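# Examining the three-dimensional arrangement
Listed below, chain by chain, are the residues.
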Amino acid sequence: MKGFFSKLSQAIMLPIALLPAAGIMLGIGGSFTNPTMIEAYHIGALQDGSVLNSFLQVMTAAGGIVFANLPVMFALAIAVGFARAEKGAAALAALISYLVMNVAIAKTLVVANMINIESNTVILMGKQYPGVLADILGISNTLSMGVFGGLIAGAITVVLHNKYHDVKLPDYLGFFGGARFVPIISAFAALFYGIVLTFIWPFFGAAFGAIGSALGEMTAAGHGYVASLIFGVIERSLIPVGLHHVFYLPLWQTEIGGTAEIAGEVIKGTQNIFFNSLASGDFSQFTSTNFMTGKFPFMMFGLPAAAYAMYTLADKENKKAAGGLLFSVALTAFLTGITEPIEFTFLFLSPALYYAIHVPLAGLSFMLMDMLNVKVGMTFSGGFIDFTLFGMLPGLTGVENNWFYIPLVGIAYAFVYFFVFRWYILKFDIKTPGRKGSAVAVVSKQDYHASKGGAGDSEKATLMVTALGGANNIVDVDACITRLRITVKDGELVKDNDYWTKELGAKGLVKVGDTGIQVIYGAEAAGYKSQINALLGK
């Protein structure tokens, strides 16, 4: 089960990786075409009808189309991520499945007389289910299933693909065999499970809506802060095993994260509500911030301060090397909100420092942002780029989003992280980078190559294959933003964490079950994936 969810988390990173670029387009376009901002700063070049305003409106639409079509992107990502071979054919089959599924749902609603278009209502067993209809990729009045629809289509498709991608048909049908058979069988399957979903999904929609309503009622009654705290604790706790995306995605993209009516349309999910609010310029409906905003204080301020604390404790002769490592990962966290390089720097040295100090502080950050009613969303993570585009700019144009609490709380968090980390590292003698006896080697790239006799990245990839138990032990190699994610036949043949950190320059190694291996390398992970697959002939 751990291996499956790890693979799922890895697969969905593909569409998630698109969100920063789309969010920047939507953020810039939405902010600089906001009439309040234009009037406040008297910027004539941005007035409605100007060339620049027209371009920014196009930019807003370009960013919005990505968020509007995340379900089909998830269908493609699941197919590509889980397909054992012929990944291109799997992606095509997933697209066809998603289209056929939605057409089957839309037509079944009509022929079964289950739809009231005027009230946007589905009628099932005499009960009305409002707000569950949507127009998707030119298909009118199908069920609004969000990313779950994409996940369902992608999952069923990949099961069929892995079973039939090498099927052999009789000679007279030979042209349709192999990978060509997968889109065919997937389309027929989608026809039938689309019909089935028509009769069961409204119940799921109602259940998700009830959960979202309950969270909204808790927040309105002043009891939602505990939910925010718990969310933050769970989200950070799942980072080491790479399952945090699986946890928070339904909250961001479905009714579980709340619903709101914006510009006459019912919007579901915290992230979707935020970006529709941004596009419309109306933030009055954006209240479900407790699943997003809490990341900013500890990602922009807390963890960089922890990195600085580790730098101040490095031995004098290692200051320069330690600074090169720690300042770079601190800058990455501050700008982009990608914090895994810092977190893994101390997680493997002291799990207690991570789970007993960092995780509770992260949960507290979510609760504080909720209590202060800060309304700042994000595309991917809580860095300065998202903070500027989706916090400061809307706030400076008259939107009451309370963005200024983020740096205020963040500065306090910086002091807390700095002094608590220094105290803990000294008290328990944690061997952070640059300290004598450190379990994490701090060397420059030139030093590393020299120690290996001039070994380059390709030779390093060869050493990685050996450390994974050899080519025959490797089943699959992939990568997300910061991790190599490998499936092996026998996890016992894989070298331990110390070997990977000391000899191969990794931040750490995580074993997920008996066959799942995650090696943390930061931004270099994708490059190593390509090199290893090249050595394996994949």
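Preceding block: the structure.
Description of the structure in this document. Since we're looking at a predicted model, the values are computed, not measured. Each residue is numbered by its place in its chain's sequence as written, counting from 1. Residue-level local features of this predicted model are given only where pLDDT is at least 70; pairs of side-chain atoms are given and counted only at 80 or more, and the full residue set underlies all totals for whole chains, interfaces and linings. Note that the side-chain values use all heavy atoms of the structure and ignore hydrogens as well as water.

## Some words on the sheet that holds strand β11 (residues 516-520)
Two strands qualify as a pair provided DSSP detects at least 2 bridges between them. Note on conventions: DSSP H or I runs of at least 4 residues are helices, E runs of at least 2 residues are strands, and numbering of each starts at the N terminus. Taken together, the four strands give an open sheet; going across it, the order is β8-β9-β11-β10, and neighbouring strands pair in antiparallel fashion. Sheet topology places β8 (474-479) and β10 (508-512) at the edges, where each strand pairs with a single neighbour. Mean inter-strand twist for the sheet, computed between neighbouring axes without regard to direction, equals 20°. The sheet contact formed by β8 and strand β9 (residues 483-488) spans five bridges and is antiparallel. Note that in β9 the partner of Asp-478 across the bridge is Arg-485. Only the stretch in contact is used when a helix axis is fitted, and all axes are lines through C-alpha atoms; the angle between N-to-C directions ranges over 0 to 180 degrees.

## Comments concerning unusual backbone geometry
Located in the positive-phi region is Asn-141, a residue other than glycine, with phi close to 55°. Within the secondary structure layout, Asn-141 lies in strand β5 (residues 139-143). In this structure, Asn-373 takes a positive phi of about 60° despite not being glycine. Here Asn-373 shows up in the loop between α15 (351-371) and α16 (384-396).

## What to know about the packing of α15 against helix α17 (residues 405-428)
Here α15 crosses α17 at 165°, and the two axes come no closer than 12 Å. Taken together, the axes of α15 and α17 lie roughly antiparallel to each other. Handedness of the α15/α17 crossing: right-handed. Only Tyr-405, Ile-406, Val-409, Tyr-413, Val-416, Tyr-417, Val-420, Phe-421 and Tyr-424 of α17 make contact with α15, whose side of the interface consists of Ala-352, Leu-353, Ile-357, His-358, Leu-361, Ala-362, Leu-364, Ser-365, Leu-368 and Met-369. Ten residue types, Ala, Val, Leu, Ile, Met, Phe, Trp, Tyr, Cys and Pro, are classed as nonpolar, four, Asp, Glu, Lys and Arg, as charged, and the remainder, Gly among them, as polar. Grouping the amino acids of the contact of α15 with α17 by side-chain chemistry returns 17 nonpolar, two polar and no charged. Angle categories are assigned with fixed cut-offs, so that under 35 degrees is roughly parallel, over 145 is roughly antiparallel, 65 to 115 is roughly perpendicular, and the rest are oblique. Each crossing gets its hand from how the near helix is turned against the far one by less than a right angle, where anticlockwise is left-handed and clockwise is right-handed. Contact criterion: two residues are considered in contact whenever any of their non-hydrogen atoms come within 4.5 Å of each other.

## What about the packing of helix α4 (residues 51-68) against helix α5 (residues 70-82)?
One can describe the packing of α4 onto α5 by two numbers: an axis separation of 5 Å at closest approach and a directional angle of 55°. Here α5 runs oblique to α4, going by the angle between their axes. Here Val-66, Phe-67 and Ala-68 of α4 lie close against α5, whose contacting residues are Leu-70, Pro-71 and Met-73. For the contact of α4 with α5, the residue count by class is six nonpolar, no polar and no charged.

## Points about the nonpolar core
Side chains of nonpolar character tend, in soluble globular proteins, to be buried together. Residues grouped as a nonpolar core are buried Ala, Val, Leu, Ile, Met, Phe, Trp, Tyr and Cys residues, joined through side-chain atoms within 4.5 Å. Remark: exposure states derive from per-residue accessible area (1.4 Å probe, protein chains only) relative to the maximum for the residue type, with buried under 20%, exposed over 50%, and partly exposed in between. Counting 57 residues, the largest nonpolar core has Phe-296, Phe-298, Ile-342, Phe-346, Ile-406, Tyr-417 and Phe-421 as the members making the most contacts within it. Among the elements of the structure, α10 (244-253), α12 (295-312), α13 (319-336), α14 (340-347), α15, α17 and β10 are those that each provide at least two residues to this core. Considering every element that reaches this core, the biggest residue donor is α12, with eleven residues. Non-local contacts of Phe-421, meaning those with residues more than four positions away in its chain, are made with Ala-306, Ala-309, Phe-346, Leu-353, Ile-357 and Val-416. Among the nonpolar cores identified, the runner-up in size contains 36 residues, and Tyr-193, Leu-197, Trp-201 and Phe-390 belong to it.

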